[in-house]
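# Breakdown of the fold
What follows is the residue order along each chain.
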Protein chains: 2
Amino acid sequence: MKYHYQSMQAPHLIIIGGGFAGVELIKKLNNKPIKVTVLDKNNYFNFQPLMYQVASGGLGPDAIAYPLRKIISKMPNIAFRMAEVLEVKTDTKEVVTNIGSYTYDYLCLATGAQTNFFGNAELEKHSMQLKSIPDALDLRSDILQEFEKALSQNGSGNLDRILNFVVVGGGPTGVETAGALAEIKKNVLPADYRELDAGKMQVHLIEAAPRLLAAMSEISSTKAKQFLEELGVQVQLNTSVQNYDSITGNLSLSNGTVLQTDTIIWSAGVKGKTITGIPPALIMRGNRYKVNEYNQLDGYENIFAVGDIAYMTSDKAFPNGHPMVGTVAQQQGVLMGKNILKLLRKEPMKPYTYLNLGSMATVGRHKAVFEIFGIKMQGYIAWLGWMFLHLMLLVGFRNRLVVLMNWMWNYVSYQRAIRIITRPFLGKNN
Amino acid sequence: MKYHYQSMQAPHLIIIGGGFAGVELIKKLNNKPIKVTVLDKNNYFNFQPLMYQVASGGLGPDAIAYPLRKIISKMPNIAFRMAEVLEVKTDTKEVVTNIGSYTYDYLCLATGAQTNFFGNAELEKHSMQLKSIPDALDLRSDILQEFEKALSQNGSGNLDRILNFVVVGGGPTGVETAGALAEIKKNVLPADYRELDAGKMQVHLIEAAPRLLAAMSEISSTKAKQFLEELGVQVQLNTSVQNYDSITGNLSLSNGTVLQTDTIIWSAGVKGKTITGIPPALIMRGNRYKVNEYNQLDGYENIFAVGDIAYMTSDKAFPNGHPMVGTVAQQQGVLMGKNILKLLRKEPMKPYTYLNLGSMATVGRHKAVFEIFGIKMQGYIAWLGWMFLHLMLLVGFRNRLVVLMNWMWNYVSYQRAIRIITRPFLGKNN
C-alpha cells in the first residue's frame, strides 16, 4: 500500500523541528495513513553529540549533518519544507511561517532546546555556543584565530588573555570540549605554532555543581576530572560564573577568582525553544511546555510536544521533567508515532516512561567514561565503546564512514585535520 | 643543516599569497639560507580545480582546503602569518598589513586572480562566483535554496525564473559547473524534490567565443559541447551577456534572447589581484604586473611577481602573457625558488618558458575531455584520467583519501552527498 503526500485524503500532521524527536517520529509514520509535513529552518538533521568535534577541527560538518530530504526520500506520505515558524494559531489550526501558512489537524512541537544564559546578557553576547553547525564552525575558526592573534602580537600584548580558553558547564559537552582543547594544546599547537610557547595556552572548565557529569555516577565524575587534569585542564567545581567584562577580558567567578580570557565557551545549560502562539501559561521550568503522559500539550488533544521542549511530570522517576537529552527525544518521537496512529484508530494511547540507557563522555585519546545498560567503564575500553556507539547512532552509512575515516586519520596523525578558518576575516563578535 | 626562522641571519623574503605559486615557492625554499614569511588572508591553500565540486555538494571544503601551517610544519626557515595586506611601501621595503608591518629584503607577489566582471556592476552584484571556499559554499546553499523556494511556491510563482541556472563562461570552470548542475537535475532533483517537476529546471551555458574550452583543441571543444547537450545543458556560443535586471530577473544576451533567472554563475574571466603601493604604471592587460623573464617586477631587482598576477611577454610563444592557470603558477613558483637562491649566490638566473602540459575538463559521469602530454582522449577513459590526475595534484594524503572516498560514494549513489545549506537563512544578496 502506498500513500502519496500530494493526493492523499488523510489527517494532516505538521512536525516543527527535524531533530532527534522529529526524525524518529517521521520514521514511525512512514507509509502510514497520515499526511505529514516536517518544517525546519535547516535542511539537515544534525548529530548534536559530535558537534564539539566539528568545533575542534576533527570532523567536517558533512560528517554530522544529514539532509532531511534524504531521510524522507523513500517516504511517500511525508514532505519537508525549509521554513522558519513565526507563529502557531491554535484556534484556526494554522502554522504561520516565513514561506506561508500551513493548516494542520495534528501538530507536533519538536523544536528542541537552545543555550540558556540564565539572563546574563553580557555573557550571552560574548560567549561561543555549541548548539548548531554554524556555532561549531564559528568556534573552530575562533580557536584558530586566537592562535593567529597570539602569534601576530610578536611577544607583546596579553598572551594569557588570548590563550586562555574557558569552558563553562561540566556536562558531556563541556567535558568533551575541554578535553579536545587540551589535546589541541598538546598536539596541534607545538606542530603548527612552533613560535608560540604552547605552555601559555590554558584550558579551564568551570562547573557550579560539586562534580562533573551530574547525570552519571560518582566514579565517572571522578574519573572524568582525573582524565581532564592529566591533560592539563584546570577544573573548578562548586564554582559559577558571575560576569564578564569584554573590554578588560575579566571573567569573575563565584569563588573570587578572576580569569582573563577572550574565549568563553558556554555549555552550562539549555532551555526549550518556545513558539509564539502556544499559550505562555503552559511554559514550565526550563522553558518547556506542560504535556500529559502521552506528550499531549496540556489542554489540547491534537497538539503534542516531544523531546527537549516537553515538560512531563507523570513519569514517577522524573517528577521535575526528563533530562534534556537525545535519548528521551528519540523515545518520545517513537512513542508519539505509535500513539498518533492509535489516536486515529481511536485506540487507547500508551504513556511515556523514560528507559534510561545510560550516558557517556569522552575526554581524549584512550580516555572516556561509559555507563550504558548498567555497564560502567572508564579509560581505554570506555573510549572504544564511546566511539562504537556514536558510530552506530549516526544517521546514514556515509556519515558513519566519514566519521570513522576521520577518527582513524586523527588517531594516527595526532592531529585535528580540518584546521581551516572559514568565517569572515576577523569575525569575532562582528 | 637546520635554519631557524626566529634566530637566523639571512635575507628576508615575504611572499604575499599561499596559492599554487606561493606553495611551490615555499617548497623550493625549505631549509635554505633565506628567511621566508608567507602572508595570506586565509590559513589554507585551496585546490581551485575542484571548487565547483564543493559548490555542487560533491565534496566538503575540507577535501580541497589544506592548512598552510601544515605545509610549512617541517620547514624551519619559513613562517606563516594570517594577514590581509593593505599596502606595499617599496621605498622603505615594508608590507603593511592589518596585523602590523613587516620589512623585507625580497618580496614575492603571488596574490593570484579574482573574478573579472569587465566593469558590469549589476552583474557583479547579483552573480555567484567560484573563486574561494566561501563562494563555493554560498553557491551550494543557493542552488539548494532555489529548489526549496520553488517548492514553497506551491505551483504559483515564476518557477522558470527560480529554476533557471545560467552559467556564464565556457572555460573549464563553466563547463564543469554546468555539467554538475545538469547531473543534479537528473539525479538529485527527482529523488529529493519529488513534488517538483524536474523538467522545469534549465541549465544554460553562455560563451562569447565560437567554442567552449578555448585553450583546448577543436575536438575537445566539440566533444565537451556534445557531452553537455547530452546532459540537457543549453549551450549558446558566440553569445555574450549584456545586462541583468534583478527586479524582473531578465538577463539579456547579445543575440537578443532574454533569459529569466535568479541564479547567474559567473566564470567568464579573471583579472589579477593588484596591491596598493605597487606603481599602477606596471599594471598591464588582465590587471597583471609587468615582469621580466625571471619574474622580476619591471624596474625592481628584489620584487618578483609569479602566477596569475605576473604579466610576462618574453616567452616567445606567449607574447600577450601566459594563461592564468595553476600550471603556470606552479612552474613560476618552482623557478623563482631556484632563481632567488641563484640571485643570493650572485649566479645568473634562468628565464621562464611555459611548459604546457595540457588541459582537461570533466562534464559528468564518464564524460570528460583530456589533453595531457599531447594525449587526446574523450569520454570514459578521459574521465578516469581526469580523476586520477586531480587526485595526484591534490596536496596531502588525507585530502586525496577524502576526495576519493567521496567520489566513490557519489559514483555509487548517483548523488551529491553534501546537500546541506549552511549559510544564513534567506541569505541571497543580503
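Description of the structure in this document. Everything numeric in this text was worked out from a predicted model, so none of it was measured. (Residues numbered from 1 in each chain as written. Chains lettered and ligands numbered in written order. Predicted model: local features only at pLDDT ≥ 70, side-chain atom pairs only at ≥ 80, totals over all residues. Heavy atoms only, no water.)

### Some words on the pattern of salt bridges
Close approach of charged atoms allows side chains of opposite charge to pair. To keep it simple, the criterion reads: Only one rule defines a salt bridge in this text: a Lys or Arg side-chain nitrogen within 4 Å of an Asp or Glu carboxyl oxygen. To qualify as a helix, a DSSP run of H or I must reach at least 4 residues; to qualify as a strand, a run of E must reach at least 2; elements of each kind are numbered from the N terminus. Three exposure classes are used, based on accessible area relative to the maximum for each residue type with a 1.4 Å probe and protein chains only: buried under 20%, partly exposed in between, and exposed over 50%.
Enumeration over the complete set of coordinates arrives at 26 salt bridges over all chains. A salt bridge links Asp262(A) to Lys149(A); the nearest nitrogen and oxygen atoms lie 3.2 Å apart. Here the residue Asp262(A) occupies a position in the loop between strand S17 (258–260) and strand S18 (263–266), and Lys149(A) occupies one in helix H6 (residues 133–152), the gap between them amounting to 113 residues. Judged by its relative accessible area of 11%, Asp262(A) falls in the buried class. For Lys149(A), a relative accessible area of 32% corresponds to the partly exposed category. A salt bridge links Glu146(B) to Lys149(B); the nearest nitrogen and oxygen atoms lie 3.6 Å apart.

### Details of the relation of the copies chain A and chain B
Spelled out, the test is: All copies are superposed by least squares; the fitting set is the C-alpha atoms of residues with a pLDDT of at least 70 in both. Here, residues are in contact when the closest pair of their heavy atoms is within 4.5 Å.
Overlaying chain A with chain B gives an RMSD of 0.0 Å, the required rotation being 180° about an axis along which the chain moves by 0.0 Å. The transformation just described matches what one would write down for a two-fold rotation axis. Residue Gly60(A) of chain A places its C-alpha closer to the rotation axis than any other residue of that unit, at 3.7 Å. With an isologous cut-off of 70% or more, the 100% of interface residues of chain A that recur at the interface of chain B puts this contact in the isologous class.

### Considering a positive patch on the surface
How we decide: The residues that make up patches have over 30% relative accessible area and no salt bridge, and they are joined within 9 Å when like-charged or within 5 Å when they are Val, Leu, Ile, Met, Phe, Trp or Tyr. Only the protein chains shown count as cover for residues, with accessible areas throughout obtained via the Shrake-Rupley method and a probe of 1.4 Å. For the purpose of counting charges, residues Lys and Arg are taken to be positive, whereas Asp and Glu are taken to be negative. His and the chain ends are not included. Charge placement uses NZ in Lys and CZ in Arg. For Asp and Glu, CG and CD serve respectively.
A cluster of basic residues, Lys28(A), Lys32(A), Lys338(A) and Lys350(A), forms a positive patch on the protein surface. Structurally, the position occupied by Lys338(A) is in helix H10 (residues 326–344).

### Focus: the interface of chain A and chain B
It is common to report an interface's size as the accessible area lost on association of the parts. Convention followed: Accessible surface is computed with a 1.4 Å probe, and the buried area is the amount of it that two parts give up when combined, taken over both parts together. In the analysis that follows, any N or O atom pair within 3.5 Å is treated as a polar contact, provided that within protein one partner can donate a hydrogen and the other can accept it, and provided that, for residues neighboring in sequence, both atoms belong to side chains.
At the junction of the two partners, chain A supplies 53 residues and chain B supplies 54 residues. Here chain A packs against chain B, burying approximately 4,700 Å² in sum over the two surfaces, 57% of which is carbon and sulfur. On the surface where chain A and chain B come into contact, there are four salt bridges. Arg69(A) is the salt-bridge partner of Glu148(B), the closest N and O atoms lying 2.8 Å from each other. Along the contact surface separating chain A from chain B lie 22 residue pairs in polar contact (both at pLDDT 80 or more).

### A few points about the environment of Ser217(B)
All names here are of chain B. Position of serine 217 among the secondary structure elements: in the loop between strand S13 (202–206) and helix H9 (218–230). In sequence terms serine 217 and phenylalanine 370 are 153 residues apart; their C-alpha atoms lie 9.9 Å from each other. Each residue touching serine 217, except ones within four places of it in the same chain, is listed here: Arg211, Glu371 and Lys376. Reaching out from serine 217, the side chain makes a polar contact with the side chain of glutamate 371 at a distance of 2.4 Å.

### Focus: the pairing of strand S1 (residues 12–16) of chain B
Residues and elements named next belong to chain B. Applicable threshold: Between any two strands, at least two bridges found by DSSP are needed for them to pair. Here is how to tell: hold the view so the strands point away, follow the path from the first strand over the helix to the second, and if it runs clockwise the crossover is right-handed.
When you tally the buried positions in S1, you get five out of five residues, the bulk of the element. Where S1 and strand S2 (residues 35–40) come together, five bridges link them in parallel fashion. Counted as the bridge partner of isoleucine 14 is threonine 37 from S2. A crossover links S1 with its parallel partner S2, the connecting element being helix H1 (residues 20–29), and its sense is right-handed. Both S1 and strand S9 (residues 106–109) contribute to a ladder of four bridges, which runs parallel. Each bridged residue has a counterpart across the sheet, and for isoleucine 14 the counterpart in S9 is leucine 107.

### Things to note about the sheet that holds strand S11 (residues 127–128) of chain A
Residues and elements named next belong to chain A. Rules: Orientation is described by lines fitted to C-alpha atoms, with helices fitted over the stretch in contact, and by angles between N-to-C directions that extend from 0 to 180 degrees.
Read from one edge of the open sheet, five strands run S11-S18-S12-S13-S14, paired in parallel fashion. Pairing within the sheet leaves two strands with one partner each, and these edge strands are S11 and strand S14 (234–236). Of the strand pairs in this sheet, strand S12 (residues 164–168) and strand S13 (residues 202–206) are connected by five bridges, and their pairing is parallel. Paired with valine 167 across the bridge in S13 is leucine 205. Taken strand by strand, helix H8 (residues 172–192) contacts S12, S13 and S18, and its axis lies near 170° from that of S13.

### Some words on the sheet that holds strand S7 (residues 94–97) of chain A
Residue and element names in this part refer to chain A. Here we have three strands laid out as an open sheet, ordered S6-S7-S8, and antiparallel in their pairing. The open sheet has two free edges, formed respectively by strand S6 (85–89) and strand S8 (100–103), since each of these has just one partner strand. This sheet shows a mean twist of 20° between the axes of neighbouring strands, independent of strand direction. Relative to S7, S6 runs antiparallel, the two being bridged by four bridges. Within the sheet, the bridge partner assigned to lysine 89 lies in S7 and is glutamate 94.

### Let's talk about the nonpolar core
Definition in use: Only buried residues count toward a nonpolar core. Its members are Ala, Val, Leu, Ile, Met, Phe, Trp, Tyr and Cys residues joined through side-chain atoms within 4.5 Å.
In this structure, Leu13(A), Phe147(A), Leu13(B) and Phe147(B) are the most contacted members of the largest nonpolar core, which totals 210 residues. For Phe147(B), the contacting residues outside a window of four places in its chain are Leu163(B), Phe165(B), Ile184(B), Leu189(B), Tyr193(B), Leu196(B) and Met201(B).

### Examining the environment of Arg288(B)
Residues and elements named next belong to chain B. Here arginine 288 shows up in strand S21 (residues 288–291). Taking C-alpha positions, arginine 288 is 10.0 Å from methionine 324, a pair spaced 36 residues apart along the chain. Those residues in contact with arginine 288 that lie beyond four places of it in its chain are Leu282, Ile283, Gly307, Asp308, Ile309, Ala310, Tyr311, Gly321, His322, Pro323 and Met324. There is a polar contact of 2.8 Å between the side chain of arginine 288 and the backbone oxygen of aspartate 308. Of note is the side chain of arginine 288, whose polar atom sits 2.8 Å from the backbone oxygen of histidine 322.

### A short note on a nonpolar patch on the surface
A cluster of nonpolar side chains, contributed by Tyr380(A), Ile381(A) and Leu384(A), occupies part of the molecular surface with about 280 Å² of accessible area. Residue placement: Ile381(A) occurs in helix H11 (residues 380–393).

### What about H10(A)?
As a reminder, the rule being used: Between the first and last residue of a helix there are one fewer steps than residues, each counted as 1.5 Å, and that sum is the expected span.
Here H10(A) contains 19 residues, and its C-alpha end-to-end distance of 27 Å stays within 8% of the 27 Å for a straight helix at 1.5 Å per residue. Downstream of H10(A) by a residue or two, Lys346(A) has a phi angle that is positive, lying close to 60°.

### Concerning the pairing of strand S24 (residues 358–364) of chain A
Residue and element names in this part refer to chain A. Counting buried positions over the seven residues of S24 gives six, a clear majority of the element. Alignment of S24 against strand S25 (residues 367–372), held across six bridges, turns out to be antiparallel. Pairing of methionine 360 across the sheet is with phenylalanine 370, part of S25.

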